[in-house]
Every structure is written in C-alpha cells, then in structure tokens.
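Read off the chains here:
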Amino acid sequence: MLSQGMTVNQALQKSINEENIGILVRTFYAEVLKDALLAPFFIEKLGDDLQGQAWEEHLALLTEFWKFVALGYEAYHGNPLQPHLHIEGLSREAFTAWLKLFHHTVDRLYTPSAGEYFKQKSTDIAENFMRKLDL
C-alpha cells in the first residue's frame, strides 16, 4: 500500500501496476456513487455502501478486468458487455458521463503518459459497448 507520507498521486505516477489499478477502481467508483446520473444505475444493483459485499465483489471483478486490459493478467474470465445488456435506461449520455468521470479520475491519479493508456482503452471499450447496445 502507500508509504506513510506518500500521496496517492506520488504512488501512481510512475507506472501502471496491480496495486494502483485497485486504487483507481476504488477511487473511481467512490466518485460514481456521488454522480447524480450514474449512481442510480449502480445503487439499484449493488446498493450505496462501497464497503458492502456486493460492491466488494464488483470492485474485485473490475480490478481484475482492468488488470487484464492494462497488464494482460489472466484472472479475469468475464463478459464485460453482458451485464450492460440488462440495464434499463442505459444511454449514450450515461456512457459519456462515465467516461468523463473515469478520465478525470485517471488524470488525478496518473501522470499523463501512464493515464493516456487508460483513457484510450476506456474510450475504445465504451464506444464498442455503445455500438453493440445501439446507443
């Protein structure tokens, strides 16, 4: 974890690694729960307590997903599009808000060179999802 006196930004700025992907996921979803447009989608499925069992499982899954995307780790064995097929009211606006918030979180945590990778991958994934969902 973080050394005493080290800020999150100092810990993340040098490279993308397993530990800081977990920090990114937790930091981002804490912000999602504050967002008026995005929070209801997640609260409906997972509740509003980021420390709750449903959230812990979701955060672990998403951490594995991003470790797979960014580092090639093979512990993720899901279908990331599948859950989105059953979310009522999902819109292009929601994906745009998700991306904006994700990019803002990445910018807060990573240097531009490290963060650009996450921003490009998240944009590619969101565009693919929107295309497949006809949004």
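Here the structure is shown first, and the text comes after it.
Values in this document were obtained by computation on a predicted structure and should not be read as measured data. (Residues numbered from 1 in each chain as written. Predicted model: local features only at pLDDT ≥ 70, side-chain atom pairs only at ≥ 80, totals over all residues. Heavy atoms only, no water.)

(A) Just the overall build of the protein, in detail. Broken down by element type, the protein carries 6 helices and 0 strands. Starting at the N terminus and ending at the C terminus, the protein contains elements arranged as α-α-α-α-α-α. Here the protein, with 135 residues, has 39% of them falling under the buried criterion. A fraction of 67% describes how many contacts in the protein between residues 6 or more apart in sequence connect residues 24 or more apart. For the protein, the exposed area adds up to about 8000 Å²; of that, 53% sits on carbon and sulfur atoms. (Helix = DSSP H or I, 4+ residues; strand = E, 2+ residues; numbered from the N terminus. Buried < 20%, exposed > 50% of the residue type's maximum accessible area, 1.4 Å probe, protein only. Contact = heavy atoms within 4.5 Å. Areas by Shrake-Rupley, 256 points an atom, 1.4 Å probe, with all protein chains shown as cover.)

(B) Spotlight on the nonpolar core. Ranked by internal contacts, the top residues of the largest apolar core, which has 38 residues, are Y29, W66, W98, Y110 and F118. Counting residues per element, this core draws most heavily on helix α5 (residues 92–109), which supplies 9 residues. (Core = buried A, V, L, I, M, F, W, Y, C linked by side-chain atoms within 4.5 Å.)

(C) Looking closely at the environment of F118. Looking at the element boundaries, F118 is found in helix α6 (residues 112–132). In this structure F118 comes out as buried when scored by relative accessible area, which is 0%. Along the backbone, F118 and V69 are 49 residues apart, and their C-alpha atoms lie at a distance of 8.9 Å.

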